Amino acid sequence: MKVSVYKGELRDLKIKSAVAFVYEDELRTLSKLGRGVSTKVKKALSIEDYKGKEGEIEKVLLPGQRIEVVYVIGLGKKSEADTDTFRRASAVAVKRLKKDKMEESVFLLPGRAGGKLSQAVAEGIILGDYSFDKYKSKKEENEFEVKEIRIYEGDEEAVKKGLLLAEAQNYARNLVNEPGNVINPITLAEEAQKLAREHNLKCKVYDEKDIQKMGMLALWSVGKGSATPPRFIHLTYEPKGKAKDRIVIVGKGLTFDSGGLNIKTGDYMRTMKMDKSGACAVLGIMKAIAQLKPSVEVHGIIGAAENMPSGTAYRPDDIIRAKNGKYIEIDNTDAEGRVTLADALSYASELKPSKIIDMATLTGACMVALGEYTAGLFTNSGRFAQEIKEVARETGERVWELPMDDKRLRKKIKKGPADVVNTGGRYGGAITAAMFLEEFVGEGIEWVHLDIAGPAWSRESYGYYVEGGTGFGVRTCLEYILRLDKR
Ligand code: BES
Ligand code: MN
Ligand code: ZN
């Protein structure tokens, strides 16, 4: 689909349909349609008692008119609207255009289509247009393609940026949706290498022998029960001139999580192909960064493994030395993500960045605490966390901070014969997992951990998401890196 901006007079545009976005009880903004059309549309809306509540759609047919169909899309109350309102509304509009087999349309926003709104609309269009249907051998009837959407009086640069970010997110979604028989640690590493070739990034892949030699026995242990060995992936983007900052983005890369010897039951094992969502987000971020070219050095790190039960699998009671020298006792092989991240964070810290963000589908406990639409945020730096929260408000990716200062809770992972144990009991499970990770973050590095177990995967279609991988975290990390570039 092509998304462009239209700067001319609306009456000079030969187009079959228009989409007009309106705030609740502010139908006067429909006047952009031109006097004749807007009068007719308003009349039709008054008959239907249309209000403009969020998601409320009205299709108005204008036979014989220049624009034959006008979709009016409600944004809800103006006082409650933010950029994500426009992202969601644009996605709703695209889904409707698809359903109605409408090839092209022009989007009219209430008020000025400034930078932020133009970007959000472009993102909503691309995200809303997403579907994962490559394994449907017969193309479905409803797979109609909308050819072009023009954003009336939109900001061209902002639209371009929005398209790039949303496409990176869709790329991550595609990878998340690939099943474990297609994406395993080896093929995930191949994907990273392909990405690096296409976009001129550096990419180093370490195999299971390298992983052991480098002392990453935690990642290696998690992967050793699988017929497909683990891989460690390091992507690098270096700016042309002097870098303003250095940041590492780490993603949990469990291509499938069966639980290992502490095997999951069927219901919980289902969808565990999504346990690589953090890694897929890292790949999406690196893809976009290679094109955005900020003056910031960005590293993408993935410890890829498949958690399987077998005669070679790691066991409860095992004691493993991680890359930073700390010993981990395994209580439960299903708390594997933090074990792989122990090495990934140790490695990331050796790169001496000022900041690390990790994204991980780490705990069911985080979903119990915050629900499935919000990521848990954990940090060792209030300042860094504050900035991520600000950015996340703009991107519409919900995050909520959970505390790291509970000393008694911290003791729960400091028990047993080793330095740390990989579970901390039932209560505060998302927090003890984050505290475990903190053991592997180097001195003086600002760190944010996002537990994306909930929002990485959608069980329903809502806003700009459909069932499946969401690519959560891609846009927030990208906007944060672009912010570093601006200072
Ligand atoms: N990958 C899971 C967490 C998860 C659960 C992600 C549901 C997405 C949806 C993780 O590896 C896991 O199994 N965590 C355990 C930890 C427990 C054994 C301490 C959990 O949350 O039950
Ligand atoms: Mn697990
Ligand atoms: Zn897992």
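As the structure is a prediction and not an experimental result, all values here were calculated from the model. (Residues numbered from 1 in each chain as written. Chains lettered and ligands numbered in written order. Predicted model: local features only at pLDDT ≥ 70, side-chain atom pairs only at ≥ 80, totals over all residues. Heavy atoms only, no water.)

Engineer: Sorry, what's going on with the overall build of the protein here?
Structural biologist: On a plain count of helices and strands, the protein comes out with 15 helices and 19 strands. For the protein, the C-alpha atoms occupy an extent of roughly 80 × 50 × 45 Å along the three principal directions. For the protein, restricting intrachain contacts to residue pairs at least 6 apart in sequence, the fraction spanning at least 24 positions comes to 77%. When the accessible surface of the protein is split by element, carbon and sulfur atoms take 48% of a total near 20800 Å². Charge centroids of the protein, computed over 78 positive and 71 negative side chains, lie 2 Å from each other. (Helix = DSSP H or I, 4+ residues; strand = E, 2+ residues; numbered from the N terminus. Contact = heavy atoms within 4.5 Å. Areas by Shrake-Rupley, 256 points an atom, 1.4 Å probe, with all protein chains shown as cover. Lys, Arg positive; Asp, Glu negative; His and termini not counted. Charge placed at Lys NZ, Arg CZ, Asp CG, Glu CD.)

Engineer: What is the right way to read the packing of aromatic side chains from this model?
Structural biologist: Here the distance between the centres and the angle between the planes together describe a pair of aromatic rings. In the structure shown here, the tally under the stated rule is 12 aromatic pairs. Their ring planes at 65° and their centres at 5.3 Å tell us that Phe 21 and Phe 107 sit as a pair that is edge-to-face. With a gap of 86 residues between them, Phe 21 in strand β2 (residues 17-22) and Phe 107 in strand β5 (residues 104-108) connect regions that are remote in the sequence. In this structure Phe 107 comes out as buried when scored by relative accessible area, which is 0%. Between Tyr 206 and Phe 232, the aromatic rings sit 6.0 Å apart at their centres with planes inclined by 45°, giving tilted as the arrangement. Placement of Tyr 206 in strand β7 (residues 202-206) and of Phe 232 in strand β8 (residues 231-237) is noted, with a sequence separation of 26 residues between them. You can call Tyr 206 buried: its relative accessible area is 15%. Taken together through their ring pairs, the aromatic side chains of Tyr 373, Tyr 462, Tyr 464 and Tyr 465 make up a single cluster. A cation over an aromatic ring shows up here: Lys 204 above the ring of Tyr 206, its NZ or CZ 5.1 Å from the ring centre. The positively charged end of Lys 287 is found above the aromatic ring belonging to Tyr 171, 5.0 Å away from the centroid. (Phe/Tyr/Trp six-rings, centres within 6.5 Å; stacked < 30°, edge-to-face > 60°. Buried < 20%, exposed > 50% of the residue type's maximum accessible area, 1.4 Å probe, protein only. Lys NZ or Arg CZ within 6 Å of the ring centre and 35° of its normal.)

Engineer: So what exactly am I meant to see when it comes to helix α4 (residues 156-177) here?
Structural biologist: An α-helical segment advances 3.6 residues per turn. Residues three or four places apart therefore align on the same side. The terminal C-alpha atoms of α4, which comprises 22 residues, lie 31 Å apart, in line with the 32 Å expected from a rise of 1.5 Å per residue. Judged by how many residues are buried, α4 sits mostly within the fold: 16 of 22 residues are covered. For α4, the N-terminal cap is Asp 155; the gap from its side-chain oxygen to the backbone nitrogen of Glu 157 is 3.1 Å. (Expected span 1.5 Å × (residues − 1). Polar contact = N/O pair within 3.5 Å; in protein donor to acceptor, adjacent residues only side chain to side chain.)

Engineer: Can you walk me through the coordination of the manganese ion (ligand 2) in this structure?
Structural biologist: Around a metal, the ideal angle is 109.5 degrees if four donors adopt a tetrahedral arrangement and 90 or 180 degrees if six donors adopt an octahedral arrangement. Only Asp 257 (OD), Asp 334 (O), Asp 334 (OD) and Glu 336 (OE) from the protein coordinate the manganese ion (ligand 2), and they sit 2.1 to 2.2 Å from it. One can describe the site at the manganese ion (ligand 2) as irregular: its six donor atoms subtend angles covering 72 to 169° at the metal. Written as a sequence motif, the donor residues of the manganese ion (ligand 2) are D-x76-D-x1-E. Between the manganese ion (ligand 2) and the zinc ion (ligand 3) the interatomic distance comes to 3.2 Å, and Asp 257 is a ligand of both metals. (Donors = N, O, S within 2.8 Å, 3.2 Å for Na, K, Ca; no water. Tetrahedral: all angles 85-135°; square planar, octahedral: opposite > 155°, others 65-115°.)

Engineer: Looking at this model, I keep getting lost on the UniProt feature "domain: Cytosol aminopeptidase" (unreviewed entry) in the protein. Mind explaining?
Structural biologist: Listed under "domain: Cytosol aminopeptidase" (unreviewed entry) in the UniProt record, and renumbered for this structure, are residues 332-339. Taken end to end, residues 332-339 is 38% helix and 0% strand, and its first and last C-alpha atoms sit 11 Å apart. (UniProt positions renumbered as here; feature names shortened; annotations may be inferred.)

Engineer: Sorry, what's going on with the site of ligand 1 here?
Structural biologist: Neighbouring ligand 1 are 17 residues, the closest being Lys 264, Asp 275, Asp 334, Glu 336 and Gly 364. Note that a nitrogen atom of ligand 1 is positioned 2.8 Å from one of the side-chain N or O atoms of Asp 275. Separating an oxygen atom of ligand 1 from a side-chain N or O atom of Glu 336 is a distance of 2.9 Å. Protein contacts shield 77% of the accessible area of ligand 1, which totals 510 Å² for the unbound molecule. Residues belonging to the shell around ligand 1 are distributed by class as follows: five nonpolar, five polar and seven charged. (Near = heavy atom within 4 Å. Nonpolar A, V, L, I, M, F, W, Y, C, P; charged D, E, K, R; others polar.)

Engineer: What is the right way to look at the coordination of the zinc ion (ligand 3) in this model?
Structural biologist: For the zinc ion (ligand 3), every protein donor is listed as Lys 252 (NZ), Asp 257 (OD), Asp 275 (OD) and Glu 336 (OE), and the spread of their distances is 2.0 to 2.4 Å. For the zinc ion (ligand 3), the single-chain donor residues occur in sequence as K-x4-D-x17-D-x60-E.

Engineer: Any chance you could explain the sheet that holds strand β12 (residues 327-329) here in plain terms?
Structural biologist: Backbone-to-backbone hydrogen bonds join strands into a sheet, with any given pair of strands oriented parallel or antiparallel. Pairing in this open sheet of three strands is mixed, and the strands run β11-β12-β16 from one edge to the other. Taken across any chain shown, the strands that pair with only one partner, and hence form the sheet edges, are β11 (319-321) and β16 (420-421). Sheet topology note: the β12/β16 ladder contains two bridges and is parallel. Bridge pairing in β16 links Ile 328 to Val 420. (Pairing = 2+ DSSP bridges.)

Engineer: How should I be thinking about the packing of helix α3 (residues 115-128) against α4 in this particular structure?
Structural biologist: When two helices pack together, their arrangement is given by the angle between the helix axes and by the axis-to-axis distance. Where α3 contacts α4, the axes come no closer than 7 Å and their chain directions differ by 35°. In terms of crossing hand, the pair formed by α3 and α4 is right-handed. Residues Gly 115, Ser 118, Gln 119, Ala 122, Glu 123, Ile 126 and Leu 127 of α3 form the contact with α4, whose own contacting residues are Ala 158, Val 159, Lys 161, Gly 162, Leu 163, Leu 165, Ala 166, Glu 167, Gln 169, Asn 170 and Arg 173. Along the lines of polarity and charge, the residues of the contact of α3 with α4 split into eight nonpolar, six polar and four charged. (Axes fitted to C-alpha atoms, helices over the stretch in contact; angles between N-to-C directions. Left-handed = near helix turned anticlockwise from the far one by under 90°.)

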